[in-house]
Amino acid sequence: MYISNLELLNFRSFKGTHEFYFTNGKNFIVGNNNVGKTTIFEAIDFLFNGLKRNQEIDDLINNESKDQEMHVMITFSDLSDDVKKSSKIQPYITSNGTLTLIRGNKIPAVNTKGKHVILDYKTLLYQNASSHEFYNPTGISNATKPYFNPTIVYANDHNEDYQDFRASSLLGKLLKLEAKDLLNSDEFKAVQQKFNDLIEQDGGLQSHLSGLKEFMEKSIADQFGKVALNFNFEIPAMDSIIKNGRVFAKDKNGEQDISEKGSGLQRALTLAVIQAYANFAKKADAMQFFIDEPELYMHPIAQDSLLDALDELSKQDNQIFLNTHSPYILRHFNSKRDSVVILSNKEGQKRIRQMESLIFKPTSIGEITYKAFGVPTVDLHQRLYSVIENKVIYTDQKVNSEKTFSDYLIKKYKDIVTPQSFRQRFTKQNKSKNGGWVPAQNKPLPFIIRNEIDHPDTYLEDDTGINKFNDDLLKKSIDELFKIYNKEFPE
């Protein structure tokens, strides 16, 4: 079960309607600062949990749309069997096996009495599969909560929700899973019996409270009539024992509750819980994990360990969402299961777009970096150039050298390539009367960049030995090579 679609209407910086499409694997959300990456996580948080403490609904409505409807709507696909079997949820599951939920402001809906009303942000609504209207039937929240409880890790928060041991928290679930064998053990039964004896035996807690009970019974009898009281103490279940636990951390500054440690250590604990969950909770219910800037506070090897754990989680039908600025994180992109959503607020660019399909298999980090972040790399340029050149040389007998390939590019792709003066350079292989100096010539830009990269042993006239190209030219050349590639290798 996974979130296949997200729709934002007038939510914070997303004015108007914006749609996102996700896969059931890892979903990388990339873009420059202040383009709305974290806002997507906040929207999901709002949908499932409502407003945060000290937050107002006005904080979430787009500044230019204060008098209009605002909502966050998601669609789940590939629903689990447990969800499909829930009688409360069944009326809201479409014939395609999807389920749509919405929360927002000024939403037309049908209330529990069957009347058409406008509901506010306090209510999570479910879209009826037949009428397509939104409802909030009695008891459905409790029916769905076990299945729709995403784990969200923000970059700048202390993430206290993942430090306590409540049954609904990720750490609580993990501890309960690991402790399940203890529940049926003789040792745990002996502890429960000991607790019962402490309460019920002579001299136990009930005996100590007998005077208090008699006094209260007499007081009630004077005001109301004769009533017998009994103080009932339940034998502690594992949930009760676990939920009162806390994590303590000991370092050079001594041992303290984790909440008193720095934000870096707190975040490290949160991510360690997720990694442990991937390792130990093999048969747990599928979940959604949202991690804001996974590279934060982590060196590259630690990033790899985290992404390996997230890969494992995604293989267990858990859906992963990652906000990142890091091309290094994108090394773990799997073109068969993952997606990359690119956000932009630049004029002339789409606000939201999916990363273009990749051409290289296995996946090239250079290609991902370029298509996701727009960062040109030497590796991508050389790989594109070599693939095109090898194909042309193999299929065209007239092209059998660097020079003839250069001529081929100029002639066949004159509408694509940029002819540019290739600087005067010195090479020992040149046997001309110029004594090794090759004069400046007009060549296609990809050819020039290729040679500047491949032959650093050629010398400039000032003998600095510096390759003469920059990122702008490298990017322009890569763009030209992609256009040529698409013509040489049509789908």
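Structure first, text after, so check above.
Keep in mind the model is a prediction, meaning the values are calculated, not measured.

Quick notes on the rules
Residues numbered from 1 in each chain as written. Predicted model: local features only at pLDDT ≥ 70, side-chain atom pairs only at ≥ 80, totals over all residues. Heavy atoms only, no water. Axes fitted to C-alpha atoms, helices over the stretch in contact; angles between N-to-C directions. Helix = DSSP H or I, 4+ residues; strand = E, 2+ residues; numbered from the N terminus. Parallel < 35°, antiparallel > 145°, perpendicular 65-115°, else oblique. Contact = heavy atoms within 4.5 Å. Nonpolar A, V, L, I, M, F, W, Y, C, P; charged D, E, K, R; others polar. Phe/Tyr/Trp six-rings, centres within 6.5 Å; stacked < 30°, edge-to-face > 60°. Buried < 20%, exposed > 50% of the residue type's maximum accessible area, 1.4 Å probe, protein only. Patch = residues over 30% accessible without salt bridge, like charges linked within 9 Å, V, L, I, M, F, W, Y side chains within 5 Å. Areas by Shrake-Rupley, 256 points an atom, 1.4 Å probe, with all protein chains shown as cover. Salt bridge = Lys/Arg side-chain N within 4 Å of Asp/Glu carboxyl O.

K.L.:
I keep staring at the packing of helix α10 (residues 365–373) against helix α14 (residues 471–488) and nothing clicks. Help me out?
P.N.:
To describe two helices that pack against each other, one gives the angle between their axes and the distance between the axes. Put simply, α10 and α14 touch, their axes get as near as 13 Å, and they point 105 degrees apart. The orientation of α10 with respect to α14, classified from their angle, is roughly perpendicular. Together, Glu367, Tyr370 and Lys371 of α10 and Lys475, Ile478, Asp479 and Phe482 of α14 make up the contact between the two elements. Split by residue class, the contact of α10 with α14 holds three nonpolar, no polar and four charged.

K.L.:
What am I meant to see in the packing of aromatic side chains here?
P.N.:
A ring pair, where both rings are aromatic, is described by two values, the distance of the centres and the angle of the planes. Under the counting rule described, the total for this entry stands at 18 aromatic pairs. When the centroid spacing of 6.4 Å and the interplanar angle of 65 degrees are considered together, the rings of Phe48 and Phe76 count as edge-to-face. Within this pair, whereas Phe48 is found in helix α1 (residues 37–49), its partner Phe76 is found in strand β4 (residues 70–77), the two being separated by 28 residues in sequence. A single burial state applies to Phe48 and to Phe76, both of which are buried. Pairwise contacts between aromatic rings join Phe14, Phe20, Phe22, Phe41, Phe290 and Phe321 into one cluster.

K.L.:
Looking at this structure, I do not really get a nonpolar patch on the surface. What am I missing?
P.N.:
Residues Leu212, Phe215 and Met216 make up a contiguous nonpolar surface patch of about 310 Å² in total accessible area. Counting through the fold element by element, Phe215 comes out in helix α6 (residues 205–223). A residue is classified by how much of its surface remains accessible, and Phe215, at 62% relative accessible area, is exposed.

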